[in-house]
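Here is what each chain is made of, one letter per residue.
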Amino acid sequence: MEKRLKDFEIAFSGLKLGEHQFDFQIDATFFEAFDYQDFEKADLQAKMKLLKRETQMALHLELEGKVWVPCDLTNEMFWLPLSAEAEVMVKFGDDFDDSEEDLLILPHGEHRFNVAQYFYEMAVLAKPLKVVHPDVEAGKMGQEILERLEALSPEEHSNEEQSEEVDPRWDKLKDLLN
C-alpha cells in the first residue's frame, strides 16, 4: 500500500470502548494513489467518528471541501465544493469481506483497518455527473460557447415534416400488408 494511504490506517486494538475522533487531510496525491485524475487539486477534510463496542464498531465518515475540476461545458477550471457522509458497521468474522458498502467484516484477531477506500469512493461519488461552472449557471460566463453549441446542435423535426420525408418504397410495402 502506498505510503500516503498508510495515514488512513486505524489501529483499533489499543482503543478503549467508546467514541474516538480521527481527522484526515486529503489532497491531490491521495487521488493519485488510486490513479484517479479527475481532480487536478483537492482540499478536503475527512473526519471519522469510531464508536468501539465489545463485538463491533460503528463508523461515521464525513467529507467536506473542494476539488479543482474543469467545467464540462466550457472547460474552464474552478473549485467544486464536495460534501458527503457515510455510515459503516465493522464486525468480525472468519474472512475479510468488504463487498457491502455499509458493512466491513474483519477476520478475528485483526487489529487494524484502512479507511482510505471509503473516503475515495465518497469523494468520487459526490462529484456530480455533469460539472458546470457556477458562473455559467448564473449566465455570467461562457455565453459565446453556449450560443455556438446551440447553433451547432441538430434541429428537431416535427412529426409532419418526418411524415413528408418517408421513402415511397415503404408505402408500397405497407400496401402488401393490406
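The structure reproduced in this document is the subject of the present report.

What counts and how
- Residues numbered from 1 in each chain as written.
- Predicted model: local features only at pLDDT ≥ 70, side-chain atom pairs only at ≥ 80, totals over all residues.
- Heavy atoms only, no water.
- Helix = DSSP H or I, 4+ residues; strand = E, 2+ residues; numbered from the N terminus.
- Buried < 20%, exposed > 50% of the residue type's maximum accessible area, 1.4 Å probe, protein only.
- Areas by Shrake-Rupley, 256 points an atom, 1.4 Å probe, with all protein chains shown as cover.
- Patch = residues over 30% accessible without salt bridge, like charges linked within 9 Å, V, L, I, M, F, W, Y side chains within 5 Å.
- Salt bridge = Lys/Arg side-chain N within 4 Å of Asp/Glu carboxyl O.
- Pairing = 2+ DSSP bridges.
- Axes fitted to C-alpha atoms, helices over the stretch in contact; angles between N-to-C directions.
- Core = buried A, V, L, I, M, F, W, Y, C linked by side-chain atoms within 4.5 Å.
- Contact = heavy atoms within 4.5 Å.

## Overview of the overall build of the chain
When you go through the chain residue by residue, the secondary structure sums to seven helices and eight strands. Looking at the chain residue by residue over its 178 residues, the buried ones come to 32%. With the model as given, the accessible surface of the chain reaches about 12,300 Å², and the carbon-plus-sulfur share is 48%.

## Regarding a nonpolar patch on the surface
Where nonpolar side chains cluster on the molecular surface, the patch consists of Val-166, Trp-170, Leu-173 and Leu-176 and spans about 440 Å² of accessible area. Mapping Leu-173 onto the fold places it in helix H7 (residues 168-177).

## Notes on the sheet that holds strand S7 (residues 103-107)
Overall, mixed pairing links the six strands, which are arranged S2-S3-S4-S5-S7-S6 in an open sheet. Looking at which strands have only one partner, the edges of the open sheet turn out to be strand S2 (18-26) and strand S6 (97-100). Adjacent strand axes in the sheet meet at a mean angle of 20°, parallel and antiparallel pairs treated alike. For S6 and S7, the ladder comprises two bridges, and the chain directions are antiparallel. By the bridge assignment, Glu-100 is partnered in S7 with Leu-103.

## A few points about the nonpolar core
In globular proteins that are soluble, nonpolar side chains generally tend to be buried together. Within the largest apolar cluster, 41 residues are counted, with the highest numbers of intra-cluster contacts made by Phe-31, Phe-113 and Phe-119. Put simply, the parts of the chain that give this core at least two residues each are S2, helix H2 (28-33), strand S3 (41-52), strand S4 (56-70), strand S5 (77-93), S7 and helix H3 (116-126). Apart from the residues within four sequence positions on either side, Phe-113 is in contact with Phe-8, Glu-9, Ile-10, Phe-12, Leu-50, Met-57, Leu-59, Leu-104 and Leu-106.

## Re the pairing of S5
As paired elements, S4 and S5 share 15 bridges and run antiparallel to each other. Directly across from Pro-70, in S5, lies its bridge partner Met-77. Where S4 folds back onto S5 in an antiparallel hairpin, the turn is made up of six residues, including Asn-75, whose phi is positive at roughly 65°.

## A few points about unusual backbone geometry
Residue Asp-35 is not a glycine yet carries a positive backbone phi of 60°. Relative to the elements of secondary structure, Asp-35 occurs in the loop between H2 and S3. Although it is not a glycine, Asn-75 sits at a positive phi angle of roughly 65°. Within the element layout of this structure, Asn-75 appears in the loop between S4 and S5.

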